[in-house]
Amino acid sequence: MYGYVGGIVKIDLSRNEVRSYDLPLEWCRSYIGGLGFNTKILWDQLPPNIDPLSPENIVVFSPGAFVGTSIPTASRCEASAKSPITGRFGTSNSGLFWGFMLKASGIDILIISGKAEKLSYISIINGEVNIRSAEHLKGFDCWSTADSLRRDYGDVEVASIGPAGENMVRYASIENNYYDAWGRCGLGAVLGSKNVKAIAVVGDKPISIANVREYEEACSEAYSRITSYPLFNLWRTYGTLVASDAYSSQGILPAKNFQYGTIDGWERCLRENLHKYKKKGISCISCPIACAHWVEVPEGGYKGLKLKDLEVTWVLEFGAKLGLTDFDKIMKCTEVASKLGLDCCSSASVIAWAFECFERGILSMDDTGGLRLKWGDEEAVLKLLEDTAYRRGIGNILAEGVKRASQIVGRGSEKYAFHIKGLEIPFRDPRGRWGVWCFGYLTNIRGGDHLRVRAPVELFKLPQPKDEYWLEACGVRREVIDQLDMIEEFKSRAFINDGEYINIPVMTVWSENLISIYNSAGICIRPPVLGTMGPTIISKLYKATTGINISPEEVMKVADRIISMQKEMNIAMGETRDEYRYPDRFYDEALPDGPNKGKKLDREVIDRMVSEYFKLRGWDPETGKPREEKLKELKIEHSKFY
Ligand code: SF4
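On a predicted model such as this, the values are computed, not experimentally measured, just so you know. (Residues numbered from 1 in each chain as written. Predicted model: local features only at pLDDT ≥ 70, side-chain atom pairs only at ≥ 80, totals over all residues.)

Points about the overall build of the protein
Scanning the protein from terminus to terminus reveals 26 helices and 20 strands. Taken over the C-alpha trace, the protein has a radius of gyration of 23 Å; the compact-globule value for 642 residues is 26 Å, and the two agree within 12%. Overall, the C-alpha framework of the protein stretches about 65 × 60 × 50 Å when taken along its three principal axes. Within the protein, the proportion of its 642 residues that are buried is 58%. Summarising the internal contacts of the protein: among those between residues at least 6 apart in sequence, 70% fall at separations of at least 24. (Helix = DSSP H or I, 4+ residues; strand = E, 2+ residues; numbered from the N terminus. Rg over C-alpha atoms; globule rule 2.2 N^0.38 Å. Buried ≥ 20, exposed ≤ 12 C-beta atoms within 10 Å, placed from the backbone. Contact = placed C-beta atoms within 7 Å.)

Notes on the site of the ligand
For the ligand, the full set of nearby residues is Thr73, Ser75, Gly95, Ser283, Cys284, Cys287, Ile289, Ala290, Cys291, Ala292, Cys524 and Arg526. Across the shell around the ligand, the residue classes tally to 7 nonpolar, 4 polar and 1 charged. (Near = placed C-beta within 6 Å. Nonpolar A, V, L, I, M, F, W, Y, C, P; charged D, E, K, R; others polar.)

Overview of the sheet that holds strand S19 (residues 495–496)
One open sheet accounts for 3 strands, arranged S18-S20-S19; its pairing is antiparallel. In this open sheet, the two edge strands, each paired with only one partner strand, are strand S18 (471–473) and S19. With 3 bridges joining them, S18 and strand S20 (residues 501–503) adopt antiparallel strand pairing. Bridge assignment links Leu471 to a residue of S20, and that residue is Asn503. Its contacts with the sheet put helix H20 (residues 504–521) on S18 and S20, and the angle it makes with S20 is roughly 70°. (Pairing = 2+ DSSP bridges. Axes fitted to C-alpha atoms, helices over the stretch in contact; angles between N-to-C directions.)

Structural notes on the packing of helix H2 (residues 34–45) against H20
It is the contact of H2 with H20, at a shortest axis distance of 4 Å, that shows an interaxial angle of 90°. By the criterion of interaxial angle, the relationship of H2 to H20 is roughly perpendicular. Between H2 and H20, the residues in contact are Gly34, Leu35 and Gly36 and Ser516, Asn519, Ser520 and Ala521, respectively. Grouping the amino acids of the contact of H2 with H20 by side-chain chemistry returns 2 nonpolar, 5 polar and no charged. (Parallel < 35°, antiparallel > 145°, perpendicular 65-115°, else oblique.)

With respect to the environment of Lys640
Along the polypeptide, Lys640 turns up in the segment after helix H26 (628–633). Using a count of 7 C-beta atoms within 10 Å as the deciding quantity, one classes Lys640 as exposed. Each C-alpha atom of the pair Lys640 and Gln45 lies 8.4 Å from the other, and the pair is 595 residues apart in sequence.

Here's the deal with the domain arrangement of the protein
Each domain of the protein was delimited in the assignment, giving domain 1 (7–202), domain 2 (237–424) and domain 3 (436–531 + 551–633). One C-alpha centre belongs to domain 1, the other to domain 2, and the line joining them spans 26 Å. Tallying the contact residues gives 33 residues for domain 1 and 28 residues for domain 2. Residue assignment for the side of domain 1 that touches domain 2 shows that the elements contributing at least two residues are helix H4 (142–153) and helix H5 (163–166). For the side of domain 1 that touches domain 2, the element with the most residues is H5, which contributes 3 residues. (Domains from an automatic or database assignment.)

So, helix H14 (residues 378–389)
For H14, spanning 12 residues, the distance from its first C-alpha to its last is 17 Å, which sits close to the expected 16 Å at 1.5 Å a residue. For H14, the buried fraction is high: 9 of the 12 residues fall into the buried class. When we look at burial in H14, the residues that qualify are Glu378, Ala380, Val381, Lys383, Leu384, Leu385, Asp387, Thr388 and Ala389. For H14, the elements touching its buried residues are H5, helix H11 (312–319), helix H12 (327–340), helix H13 (344–359) and helix H15 (395–398). Following H14 by one or two positions, Arg391 adopts a phi angle in the positive range, close to 50°. (Expected span 1.5 Å × (residues − 1).)

So, in structure tokens, the structure goes:
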């Protein structure tokens, strides 16, 4: 095979059995790889009504189709399972080198089912797969686990769980070596429930390219598209931290659990301060952007702390959401959460909920074991992270995620639990800047999350048109829109008034599809890619790499197919229409401060937009269930479960 390595490996832990299969060629055309392959495997093999933490759950890892090549940013690997935090299709994406090594071991899809009798790790060394005892790694944090396996095997890439995963914290991450993670949806708890501590992988199998000349041309086109993106250098310099300034100036920080849009002291967390900490840029394999920072604390109590950090998600989550406004304290929280194996957005959100409940007298020192919860106190944050990972005291409740924790505590605390479909929502306040990004919290298959939907032309500094929900201000020049790699039929509906506005439901469908293709091809979603790589160049790269000719329209159909399958799975797992709503604060309380002071959301209009979004997808506008004719059009064959 070209582009792929042709192998599926299925590990049945209950039987202590490893089997290999050939990758069916027709799956490549229909699902591409990564997220697409995972969707197909779970569609065929995962019963919907199982307990996500039971041996019946299945975890699938698939590197994207382009991983292993030099296509820019082709580093991403998707992991999927039924999520223990949402009870729905759970999926997460990670870069660096692990997915590359899995493919270099001859594996396009790795499936893990059952439950090992004792704590185990999986070694995949040049294609040889073994299940081995990990009793000696019990209780190790993720970094010590990686250290230990690298001592034993040399330069292996290690996916591991920490104490949080071992203790089945519902939002435990799978850490990717030291500095990346499959963070969202609690897949670390699923590995923990299977008694899998780690997967160590190394390989040297090369990828064969179908047409080298076409491949070189397409790669060079992709490279120059990305590097000529107007904000490319800004991204190389600041990475995602570019957004910190804009969130601050717009007053859309998630300050103190979304109570405010601004916070005193945030000027210390603006991008201009990065140089005091940054030692060098870091990149995933095959990436010219190198958006990540290697940082070191120069002074103070955490002096000498070094790690890959100051990515805006951590800064806003452990920073503004918890009232912390110093990079060094945020870095310490990042380090501890990464070692324990906790998802950043979920853990910060659950702690923010606890802080607000404490502030309002719903939780007391009796509940917290004598710990005073005070905004901006990083020591309280660090203590709660530890207690959560080990399920100690109140940590045992926090470990359930904000939805369940608030139901356990009751006493009105549900009002301060910020989640959609059970998944803790990230940092942008939809009241202050409405648009595709925030509407995407609702439509996202995996729940309240920002990584699966975002407009390729987003310029969110622009003010939102007054009292308008269906349109987002666009602001990019007409030539930029004309050059955008987008199917014309979509483009003509997504841009309104000669490009002045974006039609939010239409662009939501487009961008969800586009990001699903990225997650199947294995490329990154950062803006220099998102703004420049569409179905035309992806189809060219795919044909040159694999020899399989898929038109740009067919590329986007793959996304339509896998999203409809995921939606069917979610409905079979119990999803209902009333889960498509924001936490009440966003509808009932106006933003109290900042330039967008006074804004709140309109329930009724947004509900109509959800119906419109369902309709655009070919799903029932009331229930969201994909219509039978849509499944036929997408050639989705029912499995024994769906
Ligand atoms: S842009 Fe950043 S996250 Fe994306 S592949 Fe490059 S280094 Fe990795």
